[in-house]
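Chain by chain, the residues run as shown.
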There are 4 protein chains.
Amino acid sequence: MRQKDENKREAIYQSALELITTEGLTGASMAKIAKKAHVSPATIYIYFENKEDMLNKLYLMIKGELSDYIFRDYHNDLSITEGMKLYMKSLFHFMVSHPFHLSFHEQFYNSPVIKQEVKEEAMAGYTPLFNLYEQSYREGLVKIPLLELAGVYLTSPIMDLAKLHRSGAIEVNEEVLNEALEMSLRAIMG
Amino acid sequence: MRQKDENKREAIYQSALELITTEGLTGASMAKIAKKAHVSPATIYIYFENKEDMLNKLYLMIKGELSDYIFRDYHNDLSITEGMKLYMKSLFHFMVSHPFHLSFHEQFYNSPVIKQEVKEEAMAGYTPLFNLYEQSYREGLVKIPLLELAGVYLTSPIMDLAKLHRSGAIEVNEEVLNEALEMSLRAIMG
Amino acid sequence: MRQKDENKREAIYQSALELITTEGLTGASMAKIAKKAHVSPATIYIYFENKEDMLNKLYLMIKGELSDYIFRDYHNDLSITEGMKLYMKSLFHFMVSHPFHLSFHEQFYNSPVIKQEVKEEAMAGYTPLFNLYEQSYREGLVKIPLLELAGVYLTSPIMDLAKLHRSGAIEVNEEVLNEALEMSLRAIMG
Amino acid sequence: MRQKDENKREAIYQSALELITTEGLTGASMAKIAKKAHVSPATIYIYFENKEDMLNKLYLMIKGELSDYIFRDYHNDLSITEGMKLYMKSLFHFMVSHPFHLSFHEQFYNSPVIKQEVKEEAMAGYTPLFNLYEQSYREGLVKIPLLELAGVYLTSPIMDLAKLHRSGAIEVNEEVLNEALEMSLRAIMG
DNA sequence: CATGAATGAGCCTTCATTCAT
DNA sequence: AATGAATGAAGGCTCATTCAT
């Protein structure tokens, strides 16, 4: 018996990702994904239960790639300031250098297609950062007690800047990005 | 000759809005929208050219309602601080009290379905605020020269807080909201 | 009470005729016909019972115009040879100078849309010619007893030549036409 | 993997053919054709690109069956007289014994649905006859130099006689048919 | 495991026709 | 008489999924 071919799974992921970002969810039919991946439609159902399952797993994979990227240079000796800056910088550079991931993220972050539990599972990768933040709050280094509120100011503006950069509306160079980092830090640290 | 019935147009808008937010764009078929609006599918095509046209006009209407709401209490004597606070507060309360609009906005803000020109048309409602900001920058009252960057810190966190509130992840009461307003002001005003 | 406006009926006929010939029966919807005639779809139903009725009456009108044209120069002193030549020449020139009528005729001559009784009614205009032929047969001037068989050789080749001429496949000038007339006469008169 | 089932393709052809002849092009919807062929509408699109493609291929198939039939008994030793008679007789008998083909032919011979290139491709089957005719003209055996003109007198009257026979307007028995053959030969050979 | 064939349900849109003014 | 609004049915076609090899 042959084994499941990870190249095929990967080709399906990649084809789905590209089609969704170029043609939107509506234009990404299973038939088109299959054709782009040089695979039969039926083959997709060997690797995934159905379309919803495929999209959720794709979401998880992309979120995993993102957290891998962010934690590449992370280590436990980072100060809270360094940690937050590293997070924001990595998030921005990842999104700018992975336009498909950015598009996918914006289409699915609020989509009813992605199940709640999957979103939560994707959050698990960020535990070290959460721990660092809460430790820092107890030490009085940051001003905002509510983790989620701080998280919003670390994430939302960065994502939106990446989108603005991609669309060409403004050029977010290192200078602008650094200004944004300072703004977020100001917001959170007082 | 019968007159066009504006109640019908309104019913179509409302049905589309609700279906999109509950079932996503994919699930909001013209047939379902028609049925929910107690109207024939063919009738939709009297009011709109096609589905894309309907969605764009719906987008425009919703954006209009939002800017109407935001500028309800706006007047030209507001200070920049007051102006920014009013904008953020109105944005938050509108979104929290109009859950369909919030869902619609998050599904379409980055969707390729909405045409660029329509997005730009929707921005036109905010000119007074833009002018106030740029005037304030020239007077040294705000720190960030880039209007778009300031706009990001005024908008993105508020939208995301509204989503977090709706989802139940955190309860964004007046206290939390006020804290967020201060965070944004700190970010922008230094 | 207003009277039915013959200009409107005429405009409807003309629009239907043109649409059918340019876009085929499938493309000639009542809505398109109405728009082209600068009339409401509902107005068409004042002048005609339904689409089928309209098409049948259009068929009758066109056939009438054709027989009017053919019998313009007809008179009772014509010899059988002259009569047949006049018929064929008129048929050819009418079709070549009325391309819409030609197209319409070829689409509807064998269509199940046109009712049998209507086709028969349209034949009534040709009685003088039929009488002349049968009289001539009794006098031994023509060889073929079967009127329908003679009719076929007078009509089918001429219609097909008109189509070939219109399509540009061959140029049917007076010389070629005259040769065709002789061929038909040879066939019929021996 | 399943193989394409040629019985299905054949069933689709047959159903389309019958529906078109009984209900006309307008009445022959893809859904009706599918149902008559005991096949899903989607299946038709496995065998054909779209409706237009299906009709063109059906046209080609029918024209092929016709030329196969006509050239069944054809051989290179036939005289021009024999060749023309064989052609006309075969054409007539094929049409009379294949009423669906006759109906289809008359509806599509002049239809804009059939593409020019397809019509030309269908003509290719008759080359031997064309060659024979032109050879005979050079030998002085036939009087008409224009191949298309001769072709018209060999084809149009026969087709129309088949239609008259089918409709019951006249009974075209062997005697009548033979008379027609003589008429066409007289027309062409002088 | 892998496939192309096959499918019923559903897609968006337009149809011929009628309604209400 | 004339109209634009309104409609249920149907149009061609594609969908996510399963079948049979």
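Rules of the game
Residues numbered from 1 in each chain as written. Chains lettered and ligands numbered in written order. Predicted model: local features only at pLDDT ≥ 70, side-chain atom pairs only at ≥ 80, totals over all residues. Heavy atoms only, no water. Helix = DSSP H or I, 4+ residues; strand = E, 2+ residues; numbered from the N terminus. Buried < 20%, exposed > 50% of the residue type's maximum accessible area, 1.4 Å probe, protein only. Contact = heavy atoms within 4.5 Å. Areas by Shrake-Rupley, 256 points an atom, 1.4 Å probe, with all protein chains shown as cover. Lys, Arg positive; Asp, Glu negative; His and termini not counted. Charge placed at Lys NZ, Arg CZ, Asp CG, Glu CD. Domains from an automatic or database assignment. Salt bridge = Lys/Arg side-chain N within 4 Å of Asp/Glu carboxyl O. Polar contact = N/O pair within 3.5 Å; in protein donor to acceptor, adjacent residues only side chain to side chain. Nonpolar A, V, L, I, M, F, W, Y, C, P; charged D, E, K, R; others polar. Buried area = accessible area lost by both parts, 1.4 Å probe. Least-squares fit on C-alpha atoms with pLDDT ≥ 70 in both. Core = buried A, V, L, I, M, F, W, Y, C linked by side-chain atoms within 4.5 Å. Expected span 1.5 Å × (residues − 1). Phe/Tyr/Trp six-rings, centres within 6.5 Å; stacked < 30°, edge-to-face > 60°. Lys NZ or Arg CZ within 6 Å of the ring centre and 35° of its normal.

### Quick look at the overall build of chain A
Then comes step 1: Across its full length, chain A carries 10 helices and 0 strands.
Then comes step 2: Put simply, chain A runs from its N terminus to its C terminus through helices and strands in the order α-α-α-α-α-α-α-α-α-α.
Then comes step 3: Each of the three principal axes of chain A carries a C-alpha extent, and together these read 60 × 40 × 30 Å.
Then comes step 4: Looking at chain A as a whole, 48% of its 190 residues qualify as buried.
Then comes step 5: The long-range fraction of contacts in chain A, counting pairs at least 24 apart against all pairs at least 6 apart in sequence, stands at 72%.
Then comes step 6: Only carbon and sulfur atoms are counted for the fraction: they give 52% of the accessible area of chain A, which is about 9400 Å².
Then comes step 7: Looking at chain A, you have 20 positive and 26 negative side-chain charges, and the mean spots of the two groups are 7 Å apart.

### Considerations on the domain arrangement of chain A
Frequently, the measure chosen for interface size is the accessible area removed from exposure when the parts meet.
Residue and element names in this part refer to chain A.
Then comes step 1: On domain assignment, one finds that chain A holds domain 1 (1-47) and domain 2 (59-189).
Then comes step 2: With centres defined by C-alpha atoms, the gap from domain 1 to domain 2 works out at 29 Å.
Then comes step 3: Contact with domain 1, which involves 10 residues of that partner, is made by 9 residues of domain 2.
Then comes step 4: Between the two partners, domain 1 and domain 2, sit 0 salt bridges.
Then comes step 5: Inspection of the domain 1/domain 2 interface yields 1 residue pair in polar contact (both at pLDDT 80 or more).
Then comes step 6: Counted by class, the side of domain 1 that touches domain 2 contains 4 nonpolar, 4 polar and 2 charged residues.

### A word on the interface of chain D and chain C
Then comes step 1: Contact residues are listed per partner, giving 31 residues for chain D and 29 residues for chain C.
Then comes step 2: Taking both sides of the interface into account, the surface hidden between chain D and chain C amounts to around 2800 Å²; carbon and sulfur atoms contribute 67%.
Then comes step 3: If you sort the residues of chain D by the area they bury against chain C, Tyr153, Met183 and Arg186 of chain D come out on top, with a joint share of 23%.
Then comes step 4: The tally of links between chain D and chain C comes to 0 salt bridges.
Then comes step 5: Taken together, the links from chain D to chain C amount to 9 residue pairs in polar contact (both at pLDDT 80 or more).
Then comes step 6: If you list the elements that add at least two residues to the side of chain D that touches chain C, you get helix H1 (6-27), helix H6 (99-108), helix H9 (147-167) and helix H10 (174-189) of chain D.

### With respect to the pattern of salt bridges
Then comes step 1: Going through the model one piece at a time under the given rule, you end up with 33 salt bridges over all chains.
Then comes step 2: Taking the shortest distance from any N to any O, the salt bridge between Lys36 of chain A and Glu18 of chain A comes out at 4.0 Å. Taken together, the residues Lys36 of chain A in helix H2 (residues 30-36) and Glu18 of chain A in helix H1 (residues 6-27) connect sequence positions 18 residues apart.
Then comes step 3: Its relative accessible area of 40% is what places Lys36 of chain A among the partly exposed residues.
Then comes step 4: By relative accessible area, which is 24% here, Glu18 of chain A ends up partly exposed.
Then comes step 5: Across the pair Glu106 of chain B and Arg166 of chain B runs a salt bridge, and its minimum N-O distance is 2.9 Å.

### A few points about the relation of the copies chain A and chain B
Then comes step 1: Aligned on chain B, chain A shows an RMSD of 0.3 Å; the corresponding rotation is 179 degrees and the shift along the axis is 0.1 Å. Here the two chains are linked by the operation of a two-fold rotation axis.
Then comes step 2: In this assembly, 97% of the residues forming the interface of chain A have copies in chain B that are likewise at the interface, indicating an isologous arrangement.

### Some remarks on the interface of chain A and chain B
Then comes step 1: The interface is formed by 29 residues belonging to chain A together with 31 residues belonging to chain B.
Then comes step 2: Around 2800 Å² of area is buried between chain A and chain B when both sides are counted, 67% of it from carbon and sulfur atoms.
Then comes step 3: It is Tyr153, Met183 and Arg186 of chain A in chain A that bury the most area against chain B; as a group they hold 23% of the surface buried on that side.
Then comes step 4: For the pair chain A and chain B, the number of links is 0 salt bridges.
Then comes step 5: Our enumeration of links across chain A and chain B arrives at 9 residue pairs in polar contact (both at pLDDT 80 or more).
Then comes step 6: Secondary structure elements with two or more residues in the side of chain A that touches chain B: helix H6 (99-108), helix H9 (147-167) and helix H10 (174-189) of chain A.

### Thoughts on the side chain of Ser136 of chain A
Residue and element names in this part refer to chain A.
Then comes step 1: Residue placement: Ser136 occurs in helix H8 (residues 127-138).
Then comes step 2: Accessibility expressed as a relative area gives 2% for Ser136, which makes it buried.
Then comes step 3: Those residues in contact with Ser136, other than ones at most four positions away along the chain, are Ile80, Leu141 and Val142.

### Some remarks on the relation of the copies chain D and chain C
The relation between the two copies of this chain is a rotation about an axis and a shift parallel to it.
Then comes step 1: Rotating chain D by 179 degrees and translating it 0.1 Å along the rotation axis places it on chain C, where the RMSD comes to 0.3 Å.
Then comes step 2: Interface overlap between copies is the fraction of interface residues in one copy that are interface residues in the other; for chain D against chain C it reaches 90%, indicating a shared surface.

### Notes on the nonpolar core
One broad trend across soluble globular proteins is that nonpolar side chains are buried collectively.
Then comes step 1: Tyr133, Tyr153 and Ile188 of chain A together with Tyr133, Tyr153 and Ile188 of chain B are the most contacted members of the largest nonpolar core, which totals 83 residues.
Then comes step 2: Discounting chain neighbours no more than four positions away, the residues touching Tyr153 of chain B are Tyr153, Pro157, Ala180, Met183 and Ser184 of chain A together with Ser184, Ala187 and Ile188 of chain B.
Then comes step 3: Core analysis: the second largest hydrophobic core is formed by 81 residues, Tyr87 and Met183 of chain C together with Ile70 and Ile158 of chain D among them.

### Brief notes about H8 of chain A
Residues and elements named next belong to chain A.
Then comes step 1: Helix length check: H8, at 12 residues, gives a terminal C-alpha distance of 17 Å against a target of 16 Å (1.5 Å per residue), a fit within 8%.
Then comes step 2: Lining the buried residues of H8 we find helix H4 (51-71), helix H5 (80-97), H9 and H10.
Then comes step 3: Positive phi shows up at Gly140, right after H8, with a value of about 80 degrees.

### What to know about the packing of aromatic side chains
Think of a pair of aromatic rings as described by two things: how far the centres are apart, and how the planes are tilted against each other in angle.
Then comes step 1: Counted by the stated rule, this structure contains 24 aromatic pairs over all chains.
Then comes step 2: Between Tyr87 of chain A and Tyr126 of chain A the ring centres are 6.4 Å apart and the planes differ by 90 degrees, which places this aromatic pair in the edge-to-face class. Taken together, the residues Tyr87 of chain A in helix H5 and Tyr126 of chain A in the loop between helix H7 (116-123) and H8 connect sequence positions 39 residues apart. Judged on exposure class, the residue Tyr87 of chain A and its partner Tyr126 of chain A are both buried.
Then comes step 3: Taking 5.1 Å as the distance between ring centres and 65 degrees as the angle between the ring planes, the aromatic pair formed by Phe71 of chain B and Tyr74 of chain B counts as edge-to-face.
Then comes step 4: Assessed through its relative accessible area of 18%, Phe71 of chain B is described here as buried.
Then comes step 5: A network of ring pairs unites the aromatic residues Phe71, Tyr74, Tyr87 and Tyr126 of chain A as a single cluster.
Then comes step 6: Cation over ring: Arg9 of chain A sits above Phe48 of chain A, and NZ or CZ is 5.7 Å from the ring centre.

### Observations regarding the environment of Ala124 of chain D
Then comes step 1: Residue position: Ala124 of chain D is located in the loop between helix H7 (116-123) and helix H8 (127-138).
Then comes step 2: For the pair Ala124 of chain D and Phe94 of chain D, spaced 30 residues apart in sequence, the C-alpha separation works out to 19 Å.

### Structural notes on helix H6 (residues 99-108) of chain B
Then comes step 1: Counting buried residues along H6 of chain B, 7 of its 10 residues qualify, which places the element largely inside the surrounding structure.
Then comes step 2: Along H6 of chain B, the residues that are buried comprise His101, Leu102, Ser103, Phe104, His105, Glu106 and Phe108 of chain B.

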